[in-house]
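Commentary on secondary and tertiary structure
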Amino acid sequence: MNATATALRGVGLGGVSAGTLTQVGYLARRSITRTVRQPILIIPSLVFPLFLLAVNSSGLDAATLLPGFPTNSYLTFALGLTFMQGALFATMGAGQSIAGDIQHGFFNRLQLTPLRGPALIGGQLAGVTLQGLIQGVAYLIIALAFGAHLEAGIAGVPVLFALSALVGVAFGSLGLAIGLRTGNGEAVQGVFPLMFVLLFLSSGALPRHLIEADWFQTVATINPVSYLIEGFRSLFVSGWDGEALGLAFGVALAVLAFGMWAATTALRGRMERT
Amino acid sequence: MNPFTTRFGRAARAIAWRQLHVMVTKPTLILPSVIFPLFFFAAFAGGLSAVSAAPSFDYPSYTTFQYVFVLMQSAIFGGVFTGFAIAADFEFGFARRMLLATHNRSALIGGYAIAALVRALLVWVVVTVVALATGAEVAGSVGDLLGILAIAVMLNFAATLFASGVAMRFRTLQAAPLIQLPAFLIIMTAPVYVPRDLIEGWVATVADFNPMTATLEAGRALIIGAPAETLLALGVAGGLIAVMINWARTGLRRAEAAG
């Protein structure tokens, strides 16, 4: 009983203090080390989006001939979807990591330490942030090498990476919430197709005004992922589009807020169960 | 002689029955193979229909164009999902017991293939109903439609043989990506979104040599009642089956040797 009480106090969800930041640092280092040491965590998130980019940019190049299509390069247009796809892999990465920690008992050992809840969540997300940045750099370099164009210029690069990291962390927090709630890697994997539904039922393949089917256009307009893709895309296609970027950062922050709330609630629930 | 009364037939029927029973009693196993094709159909036919307005896109209906793709894709994924079931049976020890109990062990592959076909037929019925309800146009004759069905059945059999070969070599569900990835690659490097002459870049080259291209193009031609290259598609599918029979047989030998 006392041990449980101590554990619950240890992982309490108190305010951020210097101690909490130190704890975040420790867990962040572990999370980053794990990400770097296990290329299998990064490689799929690099290879699959780039493969889909390569296939789509060839297969859908004819779409650039449609009146009103915003660019004559489908490769440039499709990069928004690639960045978003990478972020969805971050969701899985974060969820799998915490689920693995729970399944292998590391989480139980953490409970015996005076670790705070925000430190656990923040630390776990450090690896996701790094993964998001690595992905962003790789996507950009490869796409530019194959002829994509960054209309926003060199000044757009930090904004692109900031949005990439923010979206990665936002969706990573959702993955963390799922991992904490289920405590099972297979269950986290089971959510992956749902993420793909969000990705494909968006404006990822065509601009919203060119989508013919009314129902699809409505779904794409409601789907927050459309705004994230359009934010990434604006930097490549139209340069500095304040509205698209504002919406993308706003949606990312909203997803992050929801994800952090869900992760914190799930963490509290898991503490009570174990 | 009724093939189902031979030793091979009885064993294959029993294995197929078990697979289908598991599928019916655990809907979570069948749902992905039904939902994924429907989702792809919705995403492609709904979201990309504007592409058919591109110059030189000379196919009458984009919904029909994508319906044939989803039909062939689900034929392949019917085999892929069956491969997962085989891998799981080996991982959890059930397949080893079946190896001991079966006189002609090739019946294992036969049984799984029957189950894969039934699974695919179920998916095709659902996809066809949805496609017809959402505007897919069928102008082909009964013979043309039987041609599409024959191509799809052959693709399903080839995919099941491929997946069996991988599953029996590795005998673990961790080999799932090795089953899924080649299937995904062969599907996505065919003319998925537009006819072949509108594809640009490296995918255009790959599509020329991709066996999936011949089956897709023949299916798309048959459904609008303008058969073209049907024999080529049937030949390609038959060739795939011939190669994959050997692949599955050697996989079975590996599984037998592993005990």
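Every value quoted in this text rests on a predicted model; they were computed, and no experiment measured them.

Rules behind the numbers
Residues numbered from 1 in each chain as written. Chains lettered and ligands numbered in written order. Predicted model: local features only at pLDDT ≥ 70, side-chain atom pairs only at ≥ 80, totals over all residues. Helix = DSSP H or I, 4+ residues; strand = E, 2+ residues; numbered from the N terminus. Rg over C-alpha atoms; globule rule 2.2 N^0.38 Å. Buried ≥ 20, exposed ≤ 12 C-beta atoms within 10 Å, placed from the backbone. Contact = placed C-beta atoms within 7 Å. pLDDT = per-residue confidence, 0-100. Axes fitted to C-alpha atoms, helices over the stretch in contact; angles between N-to-C directions. Parallel < 35°, antiparallel > 145°, perpendicular 65-115°, else oblique. Left-handed = near helix turned anticlockwise from the far one by under 90°. Nonpolar A, V, L, I, M, F, W, Y, C, P; charged D, E, K, R; others polar. Expected span 1.5 Å × (residues − 1). Core = buried A, V, L, I, M, F, W, Y, C linked by C-beta atoms within 7 Å.

**A few points about the overall build of chain A**
Looking only at helices and strands, chain A has 11 helices and zero strands in total. N-terminal to C-terminal, the α/β element order of chain A is α-α-α-α-α-α-α-α-α-α-α. At 20 Å, chain A has a C-alpha radius of gyration in line with the 19 Å of a compact globule built from 274 residues. The principal-axis extent of the C-alpha atoms belonging to chain A is close to 70 × 35 × 30 Å.

**Thoughts on the overall build of chain B**
Each helix and strand counted, chain B has 10 helices and zero strands in total. Of the regular secondary structure in chain B, the N- to C-terminal order runs α-α-α-α-α-α-α-α-α-α. Relative to its length of 259 residues, chain B is compact, with a C-alpha radius of gyration of 19 Å against a globular reference of 18 Å. Projected onto the principal axes, the alpha-carbon positions of chain B cover approximately 60 × 35 × 35 Å. Taking all 259 residues of chain B together, 48% fall into the buried category.

**Concerning unusual backbone geometry**
Residue and element names in this part refer to chain B. With a phi angle near 55°, Arg171 is a residue other than glycine that sits in the positive phi range. Considering the arrangement of structural elements, one finds Arg171 in the loop between helix 6 (142–170) and helix 7 (176–188). Take Arg171: there are 22 C-beta atoms within 10 Å of it, and that puts it in the buried class. At Glu229, a position not held by glycine, the phi torsion is positive, near 60°.

**Thoughts on the interface of chain A and chain B**
A common way to express how large an interface is: the accessible area buried when the components associate. Of the residues lining the interface, 20 residues belong to chain A; the matching set on chain B comes to 24 residues. Taken together, the elements giving at least two residues each to the side of chain A that touches chain B come down to helix 3 (39–59), helix 8 (185–200) and helix 9 (214–222) of chain A. Top element by residues in the side of chain A that touches chain B is helix 3 of chain A. It accounts for three residues.

**Re the confidence of the model for chain A**
Looking at chain A as a whole, its pLDDT mean stands at 85, while 91% of the residues score no less than 70. Highest mean pLDDT in chain A belongs to helix 10 (residues 224–237) of chain A (97); lowest belongs to helix 1 (residues 2–10) of chain A (43).

**What to know about the packing of helix 7 (residues 156–182) of chain A against helix 10 of chain A**
Residues and elements named next belong to chain A. At a minimum axis distance of 10 Å, the contact between helix 7 and helix 10 shows a crossing angle of 165°. Classified by the angle their axes make, helix 7 and helix 10 are roughly antiparallel. In the crossing of helix 7 with helix 10, the sense of the turn from one axis to the other is left-handed. Contact residues: Gly156, Val159, Leu160, Leu163 and Val167 in helix 7; Leu228, Gly231, Phe232 and Leu235 in helix 10. Split into classes, the residues belonging to the contact of helix 7 with helix 10 amount to seven nonpolar, two polar and no charged.

**Details of helix 7 of chain A**
Residues and elements named next belong to chain A. The end-to-end C-alpha distance of helix 7 is 39 Å, a good match for the 39 Å that 27 residues give at a rise of 1.5 Å each. For helix 7, the tally of buried residues reaches 20 of 27 residues, placing the bulk of the element in the interior. One or two positions beyond helix 7, positive phi appears at Gly183, with a value near 65°.

**What to know about the nonpolar core**
Among the nonpolar cores identified, the biggest contains 167 residues, and A:Met84, B:Met72, B:Leu155 and B:Ala158 are the most heavily contacted of them. If we skip the residues at most four places from it in the chain, B:Leu155 touches B:Met72, B:Ala75, B:Ile76, B:Thr215 and B:Ala237.

**Here we look at the packing of helix 6 of chain B against helix 9 (residues 211–223) of chain B**
Residue and element names in this part refer to chain B. At their nearest, the axes of helix 6 and helix 9 sit 8 Å apart, and the two run at 160° to each other. When the axes of helix 6 and helix 9 are compared, the pair comes out roughly antiparallel. Where helix 6 crosses over helix 9, the two elements pack in a sense that is left-handed. Contacts from Asp144, Gly147, Ile148, Ile151 and Leu155 in helix 6 reach Thr215, Ala218, Gly219, Leu222 and Ile223 in helix 9.

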